[in-house]
Amino acid sequence: MEPYSFDLTENKAIIRNRGRICETADELLSSDPFRKFVLRSIQSLQRHQSLLLGIFGDAPIDEESINLLIQTLRFLARMPARLIPGILPGSEIFLADRELFADFAEHLYKHWRSFDRFVICNSEGDALDQRPYRTFNDTVERLTHLVRGTFRDIDENISGSHPRIYRQVRAGAAMAAIALPHTIFPDTSPYCVLNQVPIIRQELLYPPLVLNPPMNKRTGRFSRVDCNPLAEVEFNDTEWLCYPAKVGELLILIYFQQHFFELGFSLCNLFEIAGDDDLRRRPDAVYAYGIPGDTLDSLGVFPTVFYDDEDHDLLVAAVPNRDEFGYFGYLKKMVLTLHNIRMMKLGHMPYHGAMVRITMQGRASTILIIGDTGAGKSETLEAFRMLSDEHLQDMTIIADDMGSLQIDEEGVVRGYGSEIGAFVRLDDLQPGYAFGQIDRTIIMSPSQINARAIVPVTNFANITRGYPVDLVLYANNYDPIDDEHPIVEQFHRPEDALAVFEAGAVMSKGTTTSTGLVHSYFANIFGPPQYRQLHDALAQRYFRALYACGAFVGQMRTRLGIPGCETTGPEQAAMALLDLLASR
């Protein structure tokens, strides 16, 4: 087996290795991957008719001249430019204009760093599997130092001087994973074809990461279909990886194709990665993100689909491998759709909302704010955190986006989360929030509307502990406030509450392709509408239980969807929430 393989595809550089990679500058510069990269870079320069191609002088840019160029770079990695023409005949053409050649070398370095760069380590059977950081250190860290050091040596040998400022950029890989084969399904299972896909066991990334996926919005909804979308799909183990996600108490296996590697790797900031013990049990769902070809097109006009395989007690989902689906929301929301459906089947009620446990003056309250995307849930809680700082003893995030309610043996309604991270809009956050978390952040589409960040916000113990719910509020982002419409309004009967929560109204903030005031069943298109009869019964039962427990149920007018109130609305809602907690 080859020690490593290298692929340049679209804007991605993917290195798969077993045990070792290049260890010296000469080994790096004489490698086949480097040659592929140089060819790709020169082709790009030719398309743009770049002046940097002047390093070739009047010579044709062919295999012979490219070989000579690479040889020149190999010599430059270990000796001054002035010595090389006497050792390597023909190299003088490249070194005739050293400033131009220095610019060319700088271009190669920048061009390499413009790729999304991944290292996938398979350390199966070699002791390092038990010490993952050594695996990463012997691959990713070594590659980083090697690439950066090689460029610096070449640059200094061309210029004959040392730089005065050293910038320690990520010159190797931005993301890496140890991925190993693992048998999940028995040979008799129709899903045994998935066993060949390596499963990520550990992951390494260098935040802050800035990614520019093909899309910055999600559209449509996830549709239930009557046939298995994976029935005719072949999985190439050199193109797919599996992220085994612990979504709350569930195990969901997320398979993603290399076209979407940057999105699949980003899951580590959102969902806890499953341990070895978790992989010994049957998964609750599988999701294939990036099915090639037109396999799914016959399943609907917008083929983002899932199938309820009742024979195998497994939910199965799939999304096509096309740029229009290249948005992290298609990963996150489909996974949460599967979570919600599974929870309903277990007798639990899913919710689309944010849940926190707030401790003030020695008293703790668990608050659930339900509402659609852009309703002001996270914005209000962040404003609350800032405004109540002197009174706030602790604020524990249980759920940033979705979770479930469960009724314990004593009839108490308890809240659970599903994610350890948040996929948040940069546009609506308090100034400085993203920068305060930037050392752990993955930023997506920063120059576009609906720019997002994926940030770890809590730990797995918090989302699975199960806290008694004290307040349930619907996030109303569209109503102005007046004497008859206070910021926080209590519903005194379950029927009144259900009418508002079921209507699910929200003023769209542009996070999907919908605009204006829209309605969705319980502000949650991710599972409940597809199983409405089941959810209706659960909603009736759980809202009655909330009132029986003495929980405060109402709505909170955040006004986030009203122009001019994007900041003041959540701030005033946070103040009203602070007053409410102080009075309870």
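Description of the structure in this document.

Definitions and limits used
- Residues numbered from 1 in each chain as written.
- Predicted model: local features only at pLDDT ≥ 70, side-chain atom pairs only at ≥ 80, totals over all residues.
- Heavy atoms only, no water.
- Axes fitted to C-alpha atoms, helices over the stretch in contact; angles between N-to-C directions.
- Helix = DSSP H or I, 4+ residues; strand = E, 2+ residues; numbered from the N terminus.
- Left-handed = near helix turned anticlockwise from the far one by under 90°.
- Contact = heavy atoms within 4.5 Å.
- Core = buried A, V, L, I, M, F, W, Y, C linked by side-chain atoms within 4.5 Å.
- Buried < 20%, exposed > 50% of the residue type's maximum accessible area, 1.4 Å probe, protein only.
- Arc of directions from axis to C-beta.
- Pairing = 2+ DSSP bridges.

### Observations regarding the packing of helix H2 (residues 32-47) against helix H3 (residues 63-76)
Part 1 of the reasoning: Between H2 and H3, whose axes approach to 11 Å, the crossing angle comes to 120°. Note that H2 runs across H3; the crossing there is right-handed. Of the residues in H3, those touching H2 at Phe34, Arg35, Val38, Leu39 and Ile42 are Glu63, Ile66, Asn67, Leu69, Ile70 and Leu73.

### Here's the deal with the nonpolar core
Part 1 of the reasoning: Grouped together as the largest cluster of nonpolar side chains are 81 residues, with contacts concentrated most on Tyr287 and Phe501.
Part 2 of the reasoning: The element that contributes the greatest number of residues to this core is helix H8 (residues 328-345), accounting for nine residues.
Part 3 of the reasoning: Those residues in contact with Phe501, other than ones at most four positions away along the chain, are Ile370, Val472, Leu473, Tyr474, Phe491, Phe522, Ala523, Phe543, Val553 and Gly554.
Part 4 of the reasoning: Among the nonpolar cores identified, the runner-up in size contains 56 residues, and Ala81, Phe104, Trp112 and Ile158 belong to it.

### A few points about helix H12 (residues 494-503)
Part 1 of the reasoning: Among the residues of H12, Pro494, Ala497, Leu498 and Phe501 are the ones counted as buried. When H12 is viewed along its axis, its buried side chains cluster within an angular range of 100° and face the same direction.
Part 2 of the reasoning: Here the buried face of H12 lies against strand E15 (363-370), strand E23 (471-476), helix H13 (532-548) and strand E27 (552-557).
Part 3 of the reasoning: One or two positions beyond H12, positive phi appears at Gly504, with a value near 60°.

### Thoughts on the pairing of strand E14 (residues 349-360)
Part 1 of the reasoning: Taken across its twelve residues, E14 has eleven buried, putting it largely inside the fold.
Part 2 of the reasoning: As judged from the four bridges shared by E14 and strand E17 (residues 402-407), these two strands associate in the antiparallel manner. Within E17, the position partnered with Pro350 by the bridge is Ser404.
Part 3 of the reasoning: As judged from the eight bridges shared by E14 and E15, these two strands associate in the antiparallel manner.

Note that every value here comes from positions in space, so none of it alone points to a role or purpose.
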